Each structure stands twice: as structure tokens, then as C-alpha cells.
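The lines below spell out each chain.
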Amino acid sequence: MAGPQAARALTCPRWGAPASRGLFQDGDVVIGGLFHLHYTPPAIDHDFAGEPDYRECTGLEELPLQYIYSMVFAVEEINRSPRLLPGVRLGYHIRDSCALHPWATQAALSLVSGDSTTCNIAATPQDDSGGGDGKGVPLIIGGASSKTAMILSRVLGPLSVPLMSYQSSCPCLSDRRQFPNFFRTIPSDIYQARAIARLAIYFKWTWIGTVIANNDYGLMAVKVFQEETQGSGVCLAFVETLNRQNIVNDARRAALAIKASSARVILIFTWYTDVRELFLQLADLNVTDRQFLASEAWSTSASLLRHPVTSRVASGVLGTAIRSSPILGLRDYLRSLTPSRRPGDDILREFWEMQFACIPRLSNGTTTPDRSASLPLCRGDESLERVDNLFTDTSQLRQAYNVYLAVYAAAHALHDRLACPDTHTSSREGSSTCSSPTNVKPAELLQHLNDVNFTTPQGERLYFQGADIPAKYDLVNWKKRPDGSLELVLIGRVDGNEIFMNDTAVQWRSGSSQVPASVCNESCPPGTRVATRKGEPVCCFDCIPCAEGEISNMTDSPNCERCPLEFWSNTEHTVCILRQLDFLAFNETLGITLTAVAISGTMVTFAVFVVFVYYRHTPVVRANNSELSFLLLLSLKFCFLCSLLFIGRPTVWSCRFQQAAFGISFVLSVSCLQVKTIVVLAAFRSARPGGEALMKWFGPVQQRGSVCVFTGIQIIICIIWLSLIPPEPKPELDTPGLKVTLKCDMTSAVGFALVLGYIGLLACTCLLLAFLARKLPDNFNEAKLITFSMLIFCAVWVAFVPAYVSSPGKYTVAVEIFAILASSYGLLVCIFAPKCFIILVRPERNTKKHLMAR
């Protein structure tokens with residue numbers, strides 16, 4: 001018995017009496033209750049040793065009174081149950097701690113030791129019926145604050161007495177190594193902070209201001225909030241702390257920070273008295289457009305809801321609250337309480353005197369002691385049925401429901417203990433001792449509390465995970481009534497990691513159902529990407545438009561995605577669209593122009609051909625092999641016509657034919673000119689002494705053979721090129737833009753270079769020969785014409801190379817067509833224009849005599 005004796009010794013320091021009133025109901029098993037029923041601090045006197053002497057505590061609180069009678073109601077309900085603790089009567093012993101840690105400690109030790117009279121604890125009438133038998137309670141329901149719970153748990157821990165709290169929410173109490181005997185029916189604050197963080201993520205609030213209590217409650221909340229929102233784009237605009245010792249100055253500083261910040265949603269994690277001062281400061285600064293997120297410490301505060309400043313500053317508050325649940329029969333039970341039915345209930349008599357301002361009459365006609373002698377006697381018709389206050393209000397039972405759950409958890413642990421599931425205990429102590437309610441030890445009850453798992457009368461599954469129960473909260477909203485007052489409305493709930501909420505039921509600060517925005521920057525629309533600002537939170541960013549060919553199809557995209565090669569971004573850069581194939585078409589202006597020029601060149605060539613055929617017997621036509629002139633006109637016609645192969649949509653065959661036709665036609669033209677030049681040189685050389693045999697090698701057969709040989713070489717080059725690696729139609733996907741040019745891709749640049757190089761070789765040879773023959777004595781020296789035509793031809797194709805390389809898209813094709821037409825016109829005009837001029841305009845010069853004149 002060393003433990004109880006030690007406890008008994010500790011109950012007698014120089015603290016005075018913690019309370020003179022309490023509730024006691026005897027039973028087979030008595031559980032303890034510890035509540036801070038009174039709130040006014042007692043007068044403190046100092047003795048000569050300097051130690052404080054706590055006197056009596058006054059000022060009755062209505063809500064803790066409701067918690068006490070919720071416990072009483074639960075005990076009576078269990079005693080009426082045929083299934084829970086059958087044959088066992090449950091009792092209670094309830095004490096008042098007056099919200100003072102020394103008194104709470106003394107009262108707890110008094111309950112555990114079973115000494116109801118030690119240290120001047122006055123015995124109530126119920127005590128006479130068995131409260132002073134020295135039997136301590138095996139379990140205490142209490143610890144209204146986390147600090148009180150920590151003290152009591154450490155004091156009761158060595159005695160293995162379970163402490164079950166209904167309101168202590170500090171996460172530190174979940175540590176089983178420090179508090180192995182602690183349980184609670186309220187979730188840890190960690191789950192509340194996580195729920196609020198998920199609300200911020202759900203409503204896409206990325207820029208939030210915070211005001212917290214400067215203690216573990218507030219600092220822990222901010223830490224958990226930041227951990228939960230990490231990676232989701234939620235940032236804290238500021239963190240302001242409030243100290244209760246300097247609340248006015250701190251509240252003013254926080255209000256100024258709220259006013260200066262662009263954050264429109266403010267999270268407040270502190271006590272309701274601090275919030276009240278903060279709202280007063282905000283009203284003074286005329287800050288009335290913020291949306292507040294509330295923790296359970298003030299989200300259901302009736303004094304805040306009724307305060308006139310609140311409706312002006314903080315309507316539309318959204319917050320978490322301790323989960324509520326109806327308790328069937330509790331409302332009628334509370335309203336039916338009267339001192340006459342509970343003559344030994346000093347607490348109820350004190351409440352009656354406070355409520356009705358009279359001294360209640362007992363059932364035997366007597367009155368209470370003269371402690372309230374100044375009050376008149378009650379008439380006897382007073383009733384709580386017509387009273388509406390915090391005590392009788394059961395619309396949203398929160399802490400009272402937690403007390404109710406705690407009683408049921410204790411009862412189920414007792415039920416499991418008395419059912420004797422531990423065979424080792426049974427064999428050691430005997431089955432009769434095991435199932436005896438008079439032999440319940442705190443350590444055994446502690447063990448069974450760890451294993452309880454039951455369904456409450458409300459249908460809720462309850463079990464402990466260490467010290468905690470599954471996290472459940474209500475989501476509440478402060479709605480403004482038509483008269484301007486505020487009411488607390490339940491709009492959802494939190495169950496573990498899941499949130500169930502009716503979004504449309506929320507009334508926001510603006511008075512509408514439109515969710516307010518709270519962002520450092522407006523969201524980046526599709527078509528842009530987020531670019532964080534250097535030295536600023538990730539929530540503050542710039543919106544950079546996507547580059548050409550890149551898209552972003554969602555809001556606040558972190559980067560832009562490049563479109564596949566076959567696609568390109570639309571104007572808004574939100575979607576990739578199929579690229580449009582572009583080519584030099586016949587129906588566009590440039591295509592029509594080039595087509596017209598090519599056909600005109602063909603027609604002019606044909607007209608010259610007709611003129612030459614008609615005047616084929618004249619000296620001008622017959623001079624220097626008329627057959628070569630007709631072949632030259634035919635090749636020029638092919639040169640003009642081959643340019644049309646470059647216009648229109650490229651196909652496999654058009655790509656092959658256009659290059660072959662171009663190369664062969666021009667080689668044929670240049671070959672004819674070269675043979676003509678050689679013939680001119682040979683003719684004049686043969687006129688010299690000893691050169692008569694030279695013309696034998698350049699007769700008509702040799703001239704035709706030379707043209708065929710020169711042209712045949714080009715044909716062989718084209719056949720080899722087009723057989724091995726022919727050009728194919730291919731879009732230029734590497735070039736930027738929505739329109740992509742479809743052109744004949746020179747898969748082998750060597751083949752195309754050989755074709756052009758061979759033409760250039762013949763042209764340069766022809767130019768050199770014509771240049772050498774330009775001053776030969778003749779009135780009509782065709783070598784001069786060939787020289788000018790070759791100069792134009794070479795100039796065009798020398799300029800063609802850089803122009804072709806630098807031209808974009810379909811204009812490369814236009815440059816090649818222009819080079820073909822320009823060189824063809826150059827040959828046609830330079831060679832045949834003078835001859836046609838003589839034939840048609842100056843026929844008198846179309847004589848052999850004139851042509852041969854020097």
C-alpha cells in the first residue's frame with residue numbers, strides 16, 4: 001500500500017481547499033471526474049514563508065457544468081443498459097479544479113487515494129453513503145487543458161492510473177513514452193492543421209497570412225501546415241505571433257500586417273480572447289475584406305459570434321471545430337434537473353441560485369444553508385425548460401460529447417476487464433476475484449483501454465490509436481442573418497484524411513457563394529508558363545508566354561512542352577495543331593506570274609520557230625547550220641516548259657522529272673551554242689592557208705554527234721542520280737512556323753551538284769570559245785551573240801546559288817524557276833532577237849552578200 005499512502009501524503013500541502021463542492025455517486029466501480037467548473041481566480045494571501053495560499057474559487061461556468069452532467073447522464077445511461085456492465089453499478093466522483101494546476105493535482109491525488117476529507121475537502125451528503133471508504137478511483141476523466149493533462153499524467157503515471165481527457169489536444173500528449181497512461185477523445189491538433197491545409201489546397205488559396213499564438217499550439221500548427229502544403233504551391237505571406245501578456249500591442253502589429261499584405265485569406269490559430277482583440281484592431285483600421293480560417297479554439301466561440309465588431313470584420317469565417325453529435329435524451333435530462341430532485345447536489349444549487357437569483361427549496365421543504373442569505377426563496381415553479389443558455393443548449397454538443405465518449409470508453413474497458421479475458425490473471429487470482437468489480441486495479445483498466453473497440457449509441461466506431469482516437473472534425477461557417485447577426489452553421493466534416501463539404505452552402509466574406517481568391521499573382525493562363533521570381537516565394541511568379549512551337553494546356557503550367565515535328569502551336573499556344581503544307585501553287589499570285597512568264601516564253605519561242613521555218617531558205621536562217629538553230633529553239637521551249645514542273649504540289653514523279661528535264665534541256669541548249677561556236681571558229685580557221693581540211697571534222701554529222709554526246713553525258717548523270725538517290729517530296733519540319741514547305745528534298749546533294757556543275761562546265765567552255773571568236777571578221781558574227789547570251793546565262797546561275805541557299809520555304813523553288821526563265825529568255829533574246837529583227841524588219845540585210853561583208 002505504499003502507493004496510496006504516498007498519494008495521501010501529497011494531498012496536504014499549504015494550498016488550502018481546492019473546492020468545497022463536488023458530485024459523488026457510489027457504485028460497484030467509481031470513476032473520477034475533474035473539471036474546471038469555476039473561473040474566477042481565488043484571493044491569494046502570502047504567509048510568512050512566502051508561499052501562496054489559495055482560498056475559495058467562485059464564478060460558475062455554464063459549459064463545464066454541461067460537461068459534468070453529460071458525464072452523470074452517461075453513467076446513468078450505462079447503469080440502465082442490460083448489455084454494458086450487466087449487474088455492475090457504475091458510480092462517479094467529480095471534483096472542481098478551478099482551472100488551477102495545484103488544485104487539479106491535489107484533487108486528482110485525492111480521487112486516486114480515495115480520501116475525500118483530506119485537506120479540508122468538505123464531504124457532501126452523498127459522501128456519507130460510501131464516499132469515504134478509502135477506495136480510490138481507477139480512472140479519471142479530466143484535464144481540460146493540455147498543460148493540466150501533462151501535469152496530471154506525469155503525476156498519475158507512476159500509479160498506472162489512466163487519465164482520459166476530453167479537451168487536451170497538444171500533439172505532445174501522443175508520446176506514449178512520456179505519457180503511457182494518457183488517453184483522449186479529442187483529436188491531436190496535428191490533424192486539425194492538416195485539415196486546414198487541405199482546405200487551402202482545395203480552394204486554391206496559394207497566398208495565406210497567418211496569425212498564431214506564440215506557444216506550442218500556434219507554432220506547431222504553422223509547422224504542420226507548411227509540411228502538408230509543401231509542393232502544392234501554397235505559401236505563407238507572413239506569420240505574426242500573439243503573446244497574451246502583450247496582446248494589445250501584438251494584435252495591433254498583426255492587424256497592420258494583415259492590412260499591408262495582399263493575402264486575402266488569413267489563418268488564425270490562437271485562443272478566442274486573442275482573436276477578439278485582433279478583430280477590434282482590424283475594425284479600428286477598417287480592414288473588413290479578409291476571409292478568415294479558424295481553428296477549433298475560436299471557431300465556435302459564442303462570445304465572438306455575439307460581439308458587435310465580429311459581424312463587421314469576420315462574417316463568413318470558415319473553420320474546423322470539435323466534432324459534434326447529438327446525445328439522445330440529454331436535452332430533456334438537463335432541462336429536467338431541479339435541486340428538489342437532487343437535494344445533495346451543491347453544484348446544481350449554486351447554478352440555480354445564479355440562474356434564478358433565489359434560494360431553491362428542497363423536497364422536504366427546507367432550504368440550502370445560509371451561504372446565499374441575501375437571496376429570496378424560490379417560488380418553486382422555476383424550471384430549466386424555459387431557459388436558453390450554454391448549459392441547456394444541446395444543438396451542437398462538442399466537448400460534452402467527448403466527455404460522453406470518455407465515459408463509454410471507460411465502461412467498455414471495465415466490461416472487458418470484468419469479463420476476465422486474461423487467463424493468466426484468472427489462474428493466479430481465481431475466477432471469482434477476476435470478475436469482481438471491487439477488485440479493479442488501475443493498471444488492468446489501463447491495459448484494457450488500449451484494446452477497446454466498440455460502437456457508441458450514436459453508431460460511431462471508437463478505438464484508441466495509442467492515446468488518440470480517429471481524427472474527426474466539423475467544418476463550420478459563420479453566416480450572417482438578415483438582421484446582421486451571425487450564426488454558426490455546420491457545412492461539412494473531416495474524417496481522417498477525407499473532407500466532406502457542401503461548397504455551395506458556404507457563405508464567404510463577400511456574402512456570396514463565390515470562393516474568394518488569395519494569390520500572390522493571378523494564375524498563369526494556358527499558353528504561358530510559371531517563372532518564379534528570384535528571392536521570392538514560389539507563389540510569387542511571372543507568366544512567360546510559351547515560345548513558338550511550344551504549348552501549355554493547363555493553368556499555372558511549370559513549363560511549356562514542344563509540339564511534335566508534324567505539329568505547331570496555335571496562336572494562343574494552348575494546343576498543337578497539324579502543320580499546313582505550303583508549296584508554290586498554280587493559283588497563288590507568284591505561281592500565276594511565273595506560269596504566265598513560262599508560257600509566254602514558250603509562245604515566243606514557238607513564234608520564232610514559226611518565223612524560222614517560214615524563212616528557212618533565207619541566208620540568216622541558213623547561216624551556221626539552221627538545223628542547230630531549230631534544235632536550239634526546241635531545247636529553249638523545253639527549258640520554258642520544264643519550269644512548270646516546279647509549280648504545284650510536289651510528288652515523287654514530279655520531283656524526279658523536274659530536275660531531269662531541267663538538266664537535260666539546258667545541256668541541250670548550251671551544247672547547241674557550243675557546237676555553233678566551234679563551227680564559227682572552224683569556218684574562219686579553214687579560210688586561212690592550210691586550213692581547208694579543218695571543216696571536214698566539223699560537218700553536219702559531226703555537229704549533230706557532238707550535241708548528242710554532250711547531252712548524253714547529262715542524261716547518264718541524271719539516270720544514275722535518279723536511280724540511286726532520287727529527290728523526294730518532304731516537308732521542311734526543321735523550319736519554324738505553322739506553315740511548312742513541302743518541296744523536293746535533295747537527298748543527295750552530289751547528284752544535284754553534278755547536274756549543275758556539268759551545265760556550268762559547258763557554259764564556261766562555250767563562253768570562252770565565243771569570247772575568242774567575237775572579233776572574227778564578219779558582218780554577222782554569231783559568236784558575238786553567243787558571247788552575250790553566255791554572259792547573261794552565267795551571271796544568272798552564279799547569282800542563283802546564294803539566292804537559292806538563303807531563300808526560305810517555297811521561295812527557293814521560285815528562285816530556281818526564275819533562274820531557269822531568266823537564262824532561257826537571255827538565250828532566246830540574245831541569239832534570236834537580232835536575227836528576227838533582220839528577217840522581219842530589215843529584210844534587205846537578209847542577203848548572203850551583206851552577211852559576208854566585212
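Residues numbered from 1 in each chain as written. Predicted model: local features only at pLDDT ≥ 70, side-chain atom pairs only at ≥ 80, totals over all residues. Heavy atoms only, no water.

### Some points on the overall build of the protein
Assigned secondary structure in the protein consists of 25 helices and 29 strands. Going through the 854 residues of the protein one by one, you find that 52% of them count as buried. The contacts of the protein with a sequence gap of at least 6 include a subset with a gap of at least 24, amounting to 70%. Looking at the protein as shown, the accessible area adds up to about 38,500 Å², and 58% of this sits on carbon and sulfur atoms. (Helix = DSSP H or I, 4+ residues; strand = E, 2+ residues; numbered from the N terminus. Buried < 20%, exposed > 50% of the residue type's maximum accessible area, 1.4 Å probe, protein only. Contact = heavy atoms within 4.5 Å. Areas by Shrake-Rupley, 256 points an atom, 1.4 Å probe, with all protein chains shown as cover.)

### Notes on the nonpolar core
Membership of the largest hydrophobic core comes to 67 residues, with the highest contact counts inside it found for Phe 612, Met 790, Phe 793 and Phe 832. Taken together, the elements giving at least two residues each to this core come down to α17 (589-614), α18 (619-622), α19 (626-642), α20 (652-686), α21 (700-724), α22 (749-772), α23 (782-806) and α24 (811-841). Ranked by residue count, the leading element in this core is α24, at 14 residues. Once residues within four sequence positions are removed from consideration, Met 790 is found in contact with Leu 673, Ala 763, Cys 766, Leu 767 and Leu 827. Leu 37, Leu 60, Val 387 and Leu 449 belong to the second largest nonpolar core, which has 66 residues in total. (Core = buried A, V, L, I, M, F, W, Y, C linked by side-chain atoms within 4.5 Å.)

### Quick word on unusual backbone geometry
Despite not being glycine, Ser 160 shows a phi value in the positive range, around 60 degrees. Relative to the helices and strands, Ser 160 resides in the loop between α4 (146-156) and β9 (163-165). Take Ser 160: its relative accessible area is 23%, and that puts it in the partly exposed class. For Ala 357, which is not glycine, the phi torsion reads 55 degrees and is therefore positive. Examined against the element boundaries, Ala 357 turns out to sit in the loop between α12 (346-356) and α13 (399-418).

### Quick word on the side chain of Arg 290
Its place among the elements puts Arg 290 in the loop between α8 (272-284) and β14 (291-294). A residue is classified by how much of its surface remains accessible, and Arg 290, at 5% relative accessible area, is buried. Within the structure, the side chain of Arg 290 is placed 3.3 Å from the backbone oxygen of Ala 263, a separation counted as a polar contact. In terms of polar contacts, Arg 290 uses its side chain to reach the side chain of Asp 289, at 2.4 Å. Those residues in contact with Arg 290, other than ones at most four positions away along the chain, are Ile 258, Lys 259, Ser 261, Ala 263, Arg 264, Ile 266, Val 313 and Arg 509. (Polar contact = N/O pair within 3.5 Å; in protein donor to acceptor, adjacent residues only side chain to side chain.)

### Some remarks on the state of the cysteines
Counted by the stated rule, this structure contains eight disulfides. Between Cys 358 and Cys 378 runs a disulfide, and the two sulfur atoms are separated by 1.8 Å. The S-S bond linking Cys 358 to Cys 378 shows a torsion near 90 degrees; that makes this disulfide right-handed. Here Cys 378 lies in the loop between α12 and α13 and Cys 358 lies in the loop between α12 and α13, a separation of 20 residues in the sequence. The exposure class assigned to Cys 358 is buried, which follows from its relative accessible area of 4%. (Disulfide = S-S within 2.5 Å.)

### What about the environment of Leu 280?
Looking at where Leu 280 falls in the secondary structure, it is placed in helix α8. Sequence spacing of Leu 280 and Arg 252 is 28 residues, and the spatial spacing of their C-alpha atoms is 9.0 Å. Contacts of Leu 280, omitting those with residues within four sequence positions, involve His 307 and Val 309.

### Side note on the sheet that holds strand β20 (residues 498-501)
Here we have eight strands laid out as an open sheet, ordered β12-β11-β13-β14-β15-β18-β19-β20, and mixed in their pairing. The open sheet is flanked by β12 (235-242) and β20, the only strands paired with a single partner. Each neighbouring strand pair of the sheet contributes to a mean axis angle of 25 degrees, computed without reference to strand direction. One ladder, built from seven bridges, connects strand β11 (residues 207-213) with β12; its direction is parallel. Looking across to β12, one finds that Gly 209 is bridged to Phe 238. Packing against the sheet, helix α7 (residues 247-260) makes contact with β11, β12 and β13 (265-269), and its axis sits at approximately 165 degrees to β12. (Pairing = 2+ DSSP bridges. Axes fitted to C-alpha atoms, helices over the stretch in contact; angles between N-to-C directions.)

### Examining the pairing of strand β2 (residues 29-35)
Of all seven residues in β2, seven are buried; the element is thus mostly enclosed. Covered by surrounding structure in β2 are Val 29, Ile 31, Gly 33 and Phe 35 together with Val 30, Gly 32 and Leu 34, the residues of both alternating faces. Taken together, the seven bridges between β2 and strand β7 (residues 90-96) define a ladder with parallel strand orientation. Residue pairing for β7: Ile 31 is matched across the bridge by Tyr 92.

### Digging into the side chain of Asp 96
Relative to the helices and strands, Asp 96 is located in strand β7. For Asp 96, the side chain forms a polar contact with the main-chain nitrogen of Leu 37, separated by 2.7 Å.

### Overview of the confidence of the model for the protein
With 86% of its residues at a pLDDT of 70 or more, the protein shows a mean pLDDT of 84. Counting interchain partners and residues more than four positions distant, the pLDDT-below-50 stretch residues 423-433 has ten contacts. (pLDDT = per-residue confidence, 0-100.)

### Examining the packing of helix α2 (residues 62-80) against α13
Between α2 and α13, whose axes approach to 8 Å, the crossing angle comes to 35 degrees. Crossing hand, α2 versus α13: right-handed. Touching Gln 66, Tyr 67, Ser 70, Met 71, Phe 73, Ala 74, Val 75, Glu 77 and Ile 78 of α2 are Gln 399, Ala 400, Val 403, Tyr 404, Val 407, Tyr 408 and Ala 411, all from α13. A breakdown of the residues in the contact of α2 with α13 according to their chemical character gives twelve nonpolar, three polar and one charged. (Left-handed = near helix turned anticlockwise from the far one by under 90°. Nonpolar A, V, L, I, M, F, W, Y, C, P; charged D, E, K, R; others polar.)

### Here's the deal with the sheet that holds strand β28 (residues 728-731)
Read from one edge of the open sheet, three strands run β27-β29-β28, paired in mixed fashion. Each end of this open sheet is capped by a strand with a single partner; those strands are β27 (580-582) and β28. Averaged over neighbouring strand pairs, the angle between their axes works out to 35 degrees when direction is ignored. Bridging between β28 and strand β29 (residues 739-745) involves four bridges; their strand directions are antiparallel. Residue pairing in the sheet places Glu 728 in a bridge with Asp 745 of β29.

### Describing α12
Of all the eleven residues making up α12, eight are buried; the element is thus mostly covered by neighbouring parts of the structure. Those residues of α12 that fall on the buried side of the exposure criterion are Asp 346, Ile 347, Leu 348, Arg 349, Glu 350, Phe 351, Trp 352 and Glu 353. Just past α12, the residue Ala 357 takes up positive phi, approximately 55 degrees.

### Focus on the environment of Leu 337
Mapping Leu 337 onto the fold places it in the loop between α11 (330-336) and α12. What makes Leu 337 buried here is its relative accessible area of 5%.

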